[in-house]
Amino acid sequence: MEFACSVRDLVRNFGGLRALGGISFDIKPGEVFGLIGPNGSGKTTTLRIVSTLLRPSSGKVSVFGIDVAERPGEVRRMLSYLPEDAGAYKSLSGLDYLRFMATFYTTDNRDRDAMVEQGMELAELGQRIRNRVKTYSKGMARKLLLARALMMKPRLAILDEPTSGLDVSNSMGIRNRVREYARQGTTVLLSSHNMLEVEFLSDRVALIKQGEIIETGAPEELKQKHGCRNLEEVFLKVEAR
Amino acid sequence: MRVVINIILKEAKELLTPQMLAPFVAIMVVFVFIGRAIRGERAKSSRPQTVIVADNDRTALSQSVLEALQSDQTTVIPAEGNLDELLALARTAGVTWIVVIPESLEHRIQAFETVDLQVYNIVSGFSITQMEKSVRLKSLFDKANERLAQAHLAQAYPGASPENIQNPLRTSDFVVVRDKVVRGNADVLSGLVMSQTFMIPIVLLMVLIYSSQMIAASIGQEKENKTLETLLTVPINRTSIVIGKMVGAALVALVVSGIFMVAMVYWTGSFGGETSAPAGAADTSALSQLGLSLGPQSYVLLAVGLFLAVLCGLSLATLLAIFADDAKSAQVSVTPLMMLVMIPYFLCIFLNIDAASLPLKILMYAIPFSYPFLMPKAIMFGNYGLVFAGFGYMALFAAACIFTAARLFSTDRVLTAKLRWVRRRRVRAEG
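Residues numbered from 1 in each chain as written. Chains lettered and ligands numbered in written order. Predicted model: local features only at pLDDT ≥ 70, side-chain atom pairs only at ≥ 80, totals over all residues.

Asker: Would you take a moment to explain the sheet that holds strand β3 (residues 32–36) of chain A for this structure?
Answerer: Note on sheets: strands pair through backbone hydrogen bonds, and any given pair is parallel or antiparallel. All names here are of chain A. Reading across the sheet, the six strands line up as β6-β7-β8-β3-β9-β10 and stay open at both edges, with mixed pairing between neighbours. For this open sheet the edge positions go to β6 (79–82) and β10 (212–217), each flanked by a neighbour on one side alone. Strand after strand, the sheet turns through a mean of 15° between neighbouring axes, direction not considered. The pairing of β6 with strand β7 (residues 156–160) spans four bridges and is parallel. Along β7, the bridge assignment pairs Ser 80 with Ala 157. (Pairing = 2+ DSSP bridges. Helix = DSSP H or I, 4+ residues; strand = E, 2+ residues; numbered from the N terminus. Axes fitted to C-alpha atoms, helices over the stretch in contact; angles between N-to-C directions.)

The structure is reproduced here in structure tokens:
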């Protein structure tokens, strides 16, 4: 089976600091895969490597069979990446921003317009989509950015802390959108230190600590395996071993 | 191509904000306002000025002095009375100059003695226009002196030309350029030559400074606003990002420089463009005969030189800004570039590079921004070797910088400096 994402013995160093110590995992097509871990565990570094922002120090990462280090251009056509603290261009309106980003994915005007329409629907900003991004609240900006990440219907969507800093209703909205797209066939790789959120969204999860994966499996399986009520308890139990 | 145009338009929108344009428009308005005010005052000051002349001598000679003061620039009002009466008259009439011719003028001049004319200037302020009026009036006294001296000489040497006695030696000026010898004054020709090209260094300086600042701001803002990571993961050639940003920054810089130059030209025009001596048709002809006038082909070469210099500036600024973390540090990072532009600019103003020491020459030729400053003179004196060598050097320099910048954009170097710092801070906190 061709995996949507395959990571093998991934190592990443920053000078003398080992951020990832040889992690391995696979993501099946159409799956929502969560990477859970505390701050500084290597989640964002992993996502940045998969999204072709960083190169591995050693190991192999492939997206739908294509090596991210050897053919990053081809990989970028298949994925979209939403960084944790992403921003949008403040002088552009939300609509202009969606149009600007859509142009990188299609040269056909009709396809581009359809993509932008989809983005507007996903963003749920109403008439505010025509206002400048600098007038948006944090929640509005994050919804716009998520819309950008999903509007081109990527084969793999990489979402780093998608609901970071958002209130309850905005967070719920975003989670629902992610689930909806996953049901439509988009593979999702997401990271969060909010284990309850990841448990809600993910088909399978990997627990990562200090650059190493300490457990992998479906949330229910892990809870049963370790006799815990939720993934937070699973994590605490596993890291204490 | 469409993708690059998309980036260019986005860059222009991001950079051409009201907050960015407002200071330049304000400067332009101030310059235009000041220029207009100065032009108005200069126009007023160039109108004929009125002088009250009290002729206490009332002789033929004093009358000729009075006539010498009368000109198309000066209107003479004859008057009588003591100083207080003359001052009162001047204040009433709004006149600021009073000249008093003493009683014994004719007698003393005929005895070959000097005569003191009392010149009173009623001053209510100090300015350049005030000084100009004073200089004009004093030149009339020189004219009066000339007349009196010539009258003496004519009397002493009847039949001889007073002018020939005063100035037995005259110069016939010739200018030699390469193998051409043409009658003309080198000072005047130098002024004419400089008037053709004086704007070039200023334009280049403005465009280079603004375009470097623009691109540094663009890259710095991408990092500060966290938009760079998203941009680097879209399916676009990284070189396109670099070129799109450079072209966008250049276009914005042209707009800003254009606004600034219009204001500068208007302002400097208020002071007039005076050379050391007035230029006539003969001097202009001499310029052409010597091949020192810049024709259309010359301006094309200069435009190519300017373009390549701007390309060098943009590419180097891009390279420097990549290592910055935010907009502020990006603008600081291009400071070395500013130095590389200012050094040849000032050296070309104050020095003749051909006569400079070897280390200075090496420095000048090593800095790519030197060539547009050197080109006008090189073109005029037929030194096309320097012109085309400069083109080649600047093209190579720009290509190397663009290639290096694109390579850096293609790697994680554009992100890792900040990432490494953030990672170390987390490690210390967890430590």
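Having seen it, we continue.
Asker: Whenever I open this one, the nonpolar core confuses me. Can you help?
Answerer: A general feature of soluble globular proteins is that nonpolar side chains tend to end up buried together. Grouped together as the largest cluster of nonpolar side chains are 130 residues, with contacts concentrated most on A:Ile158, A:Leu189 and B:Ala321. The greatest single-element share of this core, amounting to eleven residues, is contributed by helix α13 (residues 296–321) of chain B. With sequence-adjacent residues up to four places away left out, A:Ile158 is seen in contact with A:Leu47, A:Val50, A:Ser51, A:Leu79, A:Tyr81, A:Leu82 and A:Leu189. Listed in part, the 15 residues of the second largest apolar core include B:Leu86, B:Ala90, B:Trp97 and B:Leu105. (Core = buried A, V, L, I, M, F, W, Y, C linked by C-beta atoms within 7 Å. Buried ≥ 20, exposed ≤ 12 C-beta atoms within 10 Å, placed from the backbone. Contact = placed C-beta atoms within 7 Å.)

Asker: Would you explain the interface of chain B and chain A in this entry?
Answerer: Where interface size is quoted, it is often the accessible area lost as the parts come together. Facing 26 residues of chain B, the contacting portion of chain A comprises 30 residues. Among the secondary structure elements, those contributing two or more residues to the side of chain B that touches chain A are α1 (2–15), α10 (228–232) and α19 (413–430) of chain B. Ranked by the residues each element gives to the side of chain B that touches chain A, the list is headed by α19(B), at eight residues. Of the residues contributing to the side of chain B that touches chain A, the split by class is eight nonpolar, seven polar and eleven charged. (Nonpolar A, V, L, I, M, F, W, Y, C, P; charged D, E, K, R; others polar.)

Asker: What am I meant to see in unusual backbone geometry here?
Answerer: As a rule of thumb, non-glycine residues mostly have phi less than zero, and peptide bonds are mostly trans rather than cis. All names here are of chain A. A positive phi angle, near 50°, is found at Asp 9, a position not held by glycine. Here Asp 9 lies in strand β1 (residues 5–14). Positive phi, normally seen in glycine, also occurs at Glu 161, with a value near 50°. Considering the arrangement of structural elements, one finds Glu 161 in the loop between β7 and α6 (168–183).

Asker: Looking at this structure, I do not really get helix α18 (residues 384–410) of chain B. What am I missing?
Answerer: Each α-helix winds once per 3.6 residues, and so residues spaced three or four apart point in a common direction. With 27 residues, α18(B) extends 39 Å between its outermost C-alpha atoms, agreeing within 8% with the 39 Å of an ideal straight helix rising 1.5 Å per residue. Buried within α18(B) are the following residues: B:Val387, B:Gly390, B:Met394, B:Phe397, B:Ala398, B:Cys401, B:Ile402, B:Ala405 and B:Phe409. (Expected span 1.5 Å × (residues − 1).)

Asker: Would you explain the environment of B:Ser329 in this entry?
Answerer: Residue and element names in this part refer to chain B. With respect to the helices, strands and loops of the structure, Ser 329 is situated in helix α14 (residues 327–333). The class for Ser 329 is partly exposed, based on 15 C-beta atoms found within 10 Å. Put simply, Ser 329 and Ala 216 are 113 residues apart on the chain and 8.8 Å apart in space, counted from C-alpha to C-alpha. With near-sequence residues (within four places) excluded, Ser 329 lies in contact with Gly 220 and Ala 324.

Asker: Could you clarify how one ought to interpret helix α9 (residues 199–224) of chain B in this entry?
Answerer: For α9(B), spanning 26 residues, the distance from its first C-alpha to its last is 37 Å, which sits close to the expected 38 Å at 1.5 Å a residue. Positive phi appears at B:Lys226, one or two residues downstream of α9(B), with a value of about 60°.

Asker: Is there a simple way to explain the confidence of the model for chain B in this structure?
Answerer: The predicted coordinates ought not to be read in detail in places where the model reports low pLDDT. The pLDDT averaged across chain B works out to 80; a share of 90% of its residues lies at or above 70. Here residues 273–277 of chain B is modelled with pLDDT under 50, and outside its nearest four sequence neighbours on either side it reaches nine contacts, counting other chains as well. (pLDDT = per-residue confidence, 0-100.)

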